[in-house]
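The primary structure of each chain is shown beneath.
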Amino acid sequence: MTKKIIAVSTIIGVAITANTVLAEPDFPWLPAQLNTPGVQKQLVNLPLPADNSPVISLGFAPDPQSQQIVEGYAIVHYAKGGPSKGKGGENCYEFLAKDAKWKSVEPWTTNPTNTRGLDGNFVFGNLSADISKWESAAGADILGDGTATSGILIADTVSPDGRNEVYFADVADSNAIAITVVWGIFGGPLSQRTIVEWDQVYDEVDFDWSSSGEAGKMDFENIATHELGHSVGLGDLYNSGCLEETMYGYATEGEIKKRDLNAGDIAGIQKLY
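Everything numeric in this text was worked out from a predicted model, so none of it was measured.

To continue, consider the pairing of strand β8 (residues 108-111). Residues W108 and T110 of β8 are buried on one face, and the alternating residues T109 and N111, pointing to the opposite face, are buried as well. Where β8 lies against strand β9 (residues 146-148), 3 bridges are found, and the strand directions are parallel. By the bridge assignment for β9, T109 is matched with T147. Note on the crossover from β8 through helix α1 (residues 120-138) to β9: the handedness is right-handed.

For the rest of this paragraph, the subject is α1. When the terminal C-alpha atoms of α1 are compared, their 28 Å separation across 19 residues agrees well with the 27 Å that a helix rising 1.5 Å per residue should span. Every buried residue of α1 is listed here: G120, V123, N126, L127, D130, I131, W134, E135, A137 and A138. Contacts from the buried residues of α1 go to β8, β10 (165-171), β12 (194-203), α2 (220-231) and α3 (263-272). The distance from a side-chain oxygen at the start of α1 to the backbone nitrogen of N121 is 3.0 Å, and the residue carrying that oxygen is D119. Downstream of α1 by a residue or two, G139 has a phi angle that is positive, lying close to 70 degrees.

In the contact formed by α1 and α2, the axes pass within 9 Å of each other and the chain directions differ by 50 degrees. With respect to each other, α1 and α2 are oriented oblique. As for the relative orientation of α1 and α2, their crossing is right-handed in sense. Here F122, V123, N126, L127, D130, I131, K133 and W134 of α1 lie close against α2, whose contacting residues are F220, E221, A224, T225, L228 and G229.

The next thing to look at is α3. Within α3 the residues assigned to the buried category are G264, D265, G268, I269 and L272. In an axial view of α3, the angular spread of the buried residues amounts to 125 degrees, which keeps them on one side of the axis. Counted as exposed and oriented over 90 degrees from the buried face of α3: A263 and K271. In this fold, the buried residues of α3 make contact with α1.

Turning next to the nonpolar core. With 43 residues, the main nonpolar core has L127, Y202, W209 and F220 as its most contacted residues. Residue assignment for this core shows that the elements contributing at least two residues are β7 (69-79), α1, β10, β11 (176-185), β12, α2 and α3. At 6 residues, α1 tops the list of elements feeding residues into this core. Excluding anything up to four places from it in sequence, L127 contacts W108, T110, V166, Y202, F220, A224 and L228. Residues L58, W183, V201 and Y250 belong to the second largest nonpolar core, which totals 24 residues.

Attention shifts here to the state of the cysteines. For the structure on display, the rule yields 1 disulfide. Across a sulfur-sulfur distance of 2.2 Å, C92 and C242 are joined as a disulfide pair. Taking the sign of the S-S torsion, -95 degrees for the link of C92 and C242, the bridge is left-handed. Here C92 is found in the loop between β7 and β8, whereas its partner C242 is found in the loop between α2 and β15 (250-251), with 150 residues between them in sequence. C242 shares its class with C92; the two are buried.

This part is about the pairing of β10. Among the 7 residues of β10, 7 are classified as buried, and the element is accordingly described as predominantly covered. In terms of strand pairing, strand β5 (residues 43-44) meets β10 through 2 bridges, oriented parallel. By the bridge assignment for β10, L43 is matched with D170. Relative to β12, β10 runs parallel, the two sharing 5 bridges. Across the sheet, residue E165 finds its bridge partner in β12, namely D199.

Attention shifts here to the confidence of the model for the chain. For the chain, per-residue confidence averages 85 on the pLDDT scale, and 79% of positions sit at 70 or higher. Below pLDDT 50 for its whole length, residues 1-39 participates in 91 contacts with residues either more than four positions away or in separate chains.

Turning our eyes to something else, we now look at the pattern of salt bridges. Within this structure, the stated rule accounts for 10 salt bridges. We note a salt bridge from D130 to K133, for which the minimum N-O separation is 3.1 Å. Separated by 3 residues within a single helix, D130 and K133 lie in helix α1, roughly one turn from each other. Its relative accessible area of 0% is what places D130 among the buried residues. Of the charged contacts in the structure, one is a salt bridge between R163 and E165, with a shortest N-O distance of 3.5 Å. Owing to a relative accessible area of 2%, E165 belongs among the buried residues under this scheme. Ionic contacts of the salt-bridge type, sharing partners, join the residues D130, K133, D219, E221 and R259 into one network.

Parameters at a glance
- Residues numbered from 1 in each chain as written.
- Predicted model: local features only at pLDDT ≥ 70, side-chain atom pairs only at ≥ 80, totals over all residues.
- Heavy atoms only, no water.
- Buried < 20%, exposed > 50% of the residue type's maximum accessible area, 1.4 Å probe, protein only.
- Helix = DSSP H or I, 4+ residues; strand = E, 2+ residues; numbered from the N terminus.
- Pairing = 2+ DSSP bridges.
- Right-handed = clockwise from strand over helix to strand, strands pointing away.
- Expected span 1.5 Å × (residues − 1).
- Contact = heavy atoms within 4.5 Å.
- Polar contact = N/O pair within 3.5 Å; in protein donor to acceptor, adjacent residues only side chain to side chain.
- Axes fitted to C-alpha atoms, helices over the stretch in contact; angles between N-to-C directions.
- Parallel < 35°, antiparallel > 145°, perpendicular 65-115°, else oblique.
- Left-handed = near helix turned anticlockwise from the far one by under 90°.
- Arc of directions from axis to C-beta.
- Core = buried A, V, L, I, M, F, W, Y, C linked by side-chain atoms within 4.5 Å.
- Disulfide = S-S within 2.5 Å.
- pLDDT = per-residue confidence, 0-100.
- Salt bridge = Lys/Arg side-chain N within 4 Å of Asp/Glu carboxyl O.

Below, the structure written as C-alpha cells:
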C-alpha cells in the first residue's frame, strides 16, 4: 500500500507524518454531539534509530501543565520476529525508569472508530477494564476515567499537549502493532521522577483486530493490556524466562495470554506504586 506523506516534523532523529483521510462513518453509540461523520485519521511514521531499539527517544520539551522540562519516549510493540533489543529483568519486570510513575490522576480519551470492525463500545469498555487490571494490582487509582470522542487525536512525538489519547491509525512501520508514547521526568533525583502524559496508537492497516482471540488477528485486549503497562511506567521484557508476562515485548496473532497479568507484572506494578 502506498502511504502519502503531507507533513514532517523531526526531533532527535525521529519523525512523525500525518495524512488526513476519511475513515469510517459516524458511530451511533456516541452521544449526539459527538456523532460526527467523516472521522479523520493520521498516518504515523516513526522510524527506528540506528540500533533498531524498540524504545525511541523523542528528546525534551516543556510540559504545558507543570511547565517543567520533560522527556519523551515512543515504545514500539512489534509482532514476533521484530528487533530483539531491549531489557529483560531477572524478576520479570522492568520500569521505564526507577520510581518514574504517575503522581496525579488524569483523564484519558479515545477515538475508538476503526476500519477492522471492532465495536466502539467494546474498545472503550475494554480499555477501561484493562486499566482496572493494573490499578487493582497496584492498589491505586493511576490513569483515571476515560471518555470517547469522534474528534481527531494525534500522538505527541514532539512535545506533550496535556492530553492522554488512544486511537487507531495507519502506522508506517508494517511490523509495529502499536505505539505508546510516554512523557515524564525519568532522570535525576528519584523523588522528582514522574510520568505526565501517555498516548497510544493501534495499527489498523497492517494488522486485523479481534475481540475474541481469533486466529490471524491481533486480540485487542491482549495488546491493550500490554500497552497500558507502559502507560503506568513498566518497560518491555525480552528474555526467555519472561515469555508468559503481559509485558513480554513481542506478540502474535491469536495470542490472548497477555490479557491477564502474570506474577512478574503484578510484582512490578506493586513495587512501583
